[in-house]
Each structure stands twice: as C-alpha cells, then as structure tokens.
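A structural walkthrough
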Amino acid sequence: MRICGLLLCAAAIALFGGCGAYVPEMHEWYEPPDSQKITENRIINHIKCELHKGVDDAIRKYYGAGQRSGIKADWIKDWLATVTLKLTVEEKSSANPGLSWVRTLSDTRSFTLGAGVNASSDATRIETISFTYPLRELRSARPIVNPCEKPGEILIEGDLKIGQFLDKKIFLSTVPGTIIGPYSAFSYQVTFVVVYGGSVTPTWKLVEFTANPDSPFLNATRTRTHDVTITIAPPGDAAAAEAAAIHNAALIGQAVAAAIRKGGP
C-alpha cells in the first residue's frame, strides 16, 4: 500500500508541476514536517551506537590474541572517529505532450505527421554534517550489549556493519608481521539510494488526430541518497592531516559516484 501511495503521489506531483520546480522537502510526503529532525537524530545515534559497540566487541574479542602475540589489541581506544553524514534529495518531473495526424490518401496509402514538445525540471537538496567522536569517551559509557538497530529496520537505520569493519581491522593488527607498526588511518563508507516515481499518459483518439500517442506524458521521480563516511585515525597533527586526506578522498569518490548515477559529467 505504501508503494502504491508513493507512485500515486509522484504522479500527482507531476500533474501539478511541483516536482523539481521547488526546493524539495527532506521528509517524505506522508511524514509530518518536523519528522526529519527526529530521523537525523536517530541516524546519528545509531552510528554512534555501532561505533561504540564495534570497538568494545573487537577489543574484547582480540585482547587475548594480542597478549599472546605481544601486540596490543586495544590501540584503537584513544583514536578519533570522524563521521560525515550526507543526505540528498532529488526531484525530477517531465512533460512530453505529443500529437499524431493521420490522413488517408487511398485504400493502400496514408500520410502521418507527428509532433511533440518536452519540458522538464530537476531540483536537488543536499545537507552534509560532519562530527568527530573520541573513541575513549564513547567507551567510557556503559557497554552496549543489545544490537543497535531495531528488528526489521532497513537502509541507513538498519545494521550498517560498522562492527564487522572494526573487527577485521583490529584482528589484522594482532597478526604478527601483517602490519608493521600501527595503522595510519582507515575509512569506511556506506551509501543507500532509494528511487520511486510515477507516470501518467492520458490519450485522446479522434478520426484523424491522436493526442499523446507515446508514453509517458507526465513523469515524476524522487531520489533519496544517504551517504555515511567514517575515518578512524590516532590523535596528532600528522595523523589528522592524513586522516583528513583519506576522508576527503572518500567524499570526492561519493560525489563522482553520485554524478555517474545521475548521468552527469
């Protein structure tokens, strides 16, 4: 039912010329205006929870292995996690009216003339926030036992698998000879893209004329993109500079990927 409602809404937006003609709202049409604030708060706390739980679980899991190999498994406890959350909404609409004229010349011959015009609009809204968590401060709170996501949650509010990422990196650091010295920095990215839309094609057919012989006549789409980039590095000016370079490279990569998905340059 929700999908059907979204499709009907998209078609209605196209009919009234709103989709892509105004700055889009971050929340969905069926949500109250203030819901986006609550959603962003929930997303940020979810990321914070997965970072906290992932670091705790990995240190606890590999502390013994680190002791046996002579390599500390809790080196990450004093590091910093820089998080960038990028929320994008894009709305597009297009109108493609057409007319076909058919003139019968004889029983075996006819002449057809087709004409059409098209118009489209496209509006994109991007909100980016970046913040840094000292992992020591996260770990100073009570350990997290239960999963960070609620059962049934999907997309960015589901399991982001940050814990899996941290687990592998801390494990590698405890294997003698794999990494000579500590990590300089490491980064993790997750992107979700949700697209929905609808189209309407009314057709009129007279003796010699047909209006809108091709579809779609009116078309509307809405795309929501959620990007999360996490870069973890030790404190200090040199490490911070390298972490910033890695983090910025990841953000540039996201922008290039978004342009490719959109079909832009």
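Described in the following lines is the structure provided in the data block. Predicted, not measured: the structure shown is a model, and the values here were computed from it.

**Topic: the packing of aromatic side chains**
Tallied over the entire structure, the rule returns 8 aromatic pairs. For the ring pair W79 and F186, a centre distance of 6.0 Å and an interplane angle of 35 degrees mean the geometry is tilted. One end of the pair, W79, is in the loop between α2 (35–69) and β1 (80–95); the other, F186, is in strand β5 (residues 186–200), and 107 residues separate them in sequence. Of the residues examined, W79 reaches a relative accessible area of 5% and is grouped as buried. Judged by centre distance (5.4 Å) and plane angle (70 degrees), the ring pair of F131 and Y133 falls under edge-to-face. Taken individually, F131 and Y133 each receive the classification buried, so the pair is uniform in this respect.

**Things to note about the pattern of salt bridges**
In this structure the tally under the stated criterion is 13 salt bridges. Between R224 and E28 there is a salt bridge, and its shortest N-O distance comes to 2.9 Å. Taken together, the positions of R224 in strand β8 (residues 218–233) and E28 in the loop between α1 (2–15) and α2 put the pair 196 residues apart, joining distant regions of the chain. The residue D57 makes a salt bridge to K53 at a minimum N-O spacing of 2.8 Å. Of this pair, D57 and K53 both sit in helix α2, 4 residues apart, which is roughly one turn of the helix. Classification of K53 as buried rests on a relative accessible area of 19%. Several salt bridges share partner residues, and in doing so they unite E28, E91, R222 and R224 into one network.

**Section: the sheet that holds strand β2 (residues 98–104)**
Ordered by their spatial adjacency, 4 strands build an open sheet running β3-β2-β7-β6, and the pairing between neighbours is antiparallel. Either end of the sheet is taken by a strand with one partner, and the two such strands are β3 (110–116) and β6 (204–205). Alignment of β2 against strand β7 (residues 209–211), held across 3 bridges, turns out to be antiparallel. Across the sheet, the residue bridging to L99 is A211, located in β7.

**A short note on helix α4 (residues 162–174)**
When the terminal C-alpha atoms of α4 are compared, their 19 Å separation across 13 residues agrees well with the 18 Å that a helix rising 1.5 Å per residue should span. All buried positions along α4 are accounted for by I162, F165, L166, D167, K169, I170, S173 and T174.

**Comments concerning the sheet that holds β1**
If you walk across this open sheet you meet the 4 strands as β4-β1-β8-β5, and the pairing is antiparallel. Where the open sheet ends on each side, the last strands, each with one partner, are β4 (119–134) and β5. Going across the sheet, the axis of each strand differs from the next one's by a mean of 10 degrees, ignoring polarity. In the sheet, β1 pairs with β8 via 16 bridges, with the strands oriented antiparallel. The residue bridging K92 from the neighbouring strand is T221, located in β8. Contacts between α4 and the sheet are confined to β5 and β8, with β5 contributing the most and set at about 155 degrees to the helix.

**Things to note about unusual backbone geometry**
Backbone geometry places L155, a non-glycine residue, at a positive phi of 55 degrees. Residue position: L155 is located in the loop between α3 (135–139) and α4. Owing to a relative accessible area of 39%, L155 belongs among the partly exposed residues under this scheme. Of note in the backbone geometry, K161 takes a positive phi value of approximately 60 degrees without being a glycine. Within the element layout of this structure, K161 appears in the loop between α3 and α4.

**Describing the state of the cysteines**
In the structure shown here, the tally under the stated rule is 1 disulfide. Residue C49 pairs covalently with C148 via a disulfide, S to S 2.1 Å. Taking the sign of the torsion about the S-S bond as the criterion, the disulfide between C49 and C148, at about -80 degrees, is left-handed. Within this pair, whereas C49 is found in helix α2, its partner C148 is found in the loop between α3 and α4, the two being separated by 99 residues in sequence. The same class applies to C49 as to C148, namely buried.

Cut-offs applied
Residues numbered from 1 in each chain as written. Predicted model: local features only at pLDDT ≥ 70, side-chain atom pairs only at ≥ 80, totals over all residues. Heavy atoms only, no water. Phe/Tyr/Trp six-rings, centres within 6.5 Å; stacked < 30°, edge-to-face > 60°. Helix = DSSP H or I, 4+ residues; strand = E, 2+ residues; numbered from the N terminus. Buried < 20%, exposed > 50% of the residue type's maximum accessible area, 1.4 Å probe, protein only. Salt bridge = Lys/Arg side-chain N within 4 Å of Asp/Glu carboxyl O. Pairing = 2+ DSSP bridges. Expected span 1.5 Å × (residues − 1). Axes fitted to C-alpha atoms, helices over the stretch in contact; angles between N-to-C directions. Contact = heavy atoms within 4.5 Å. Disulfide = S-S within 2.5 Å.

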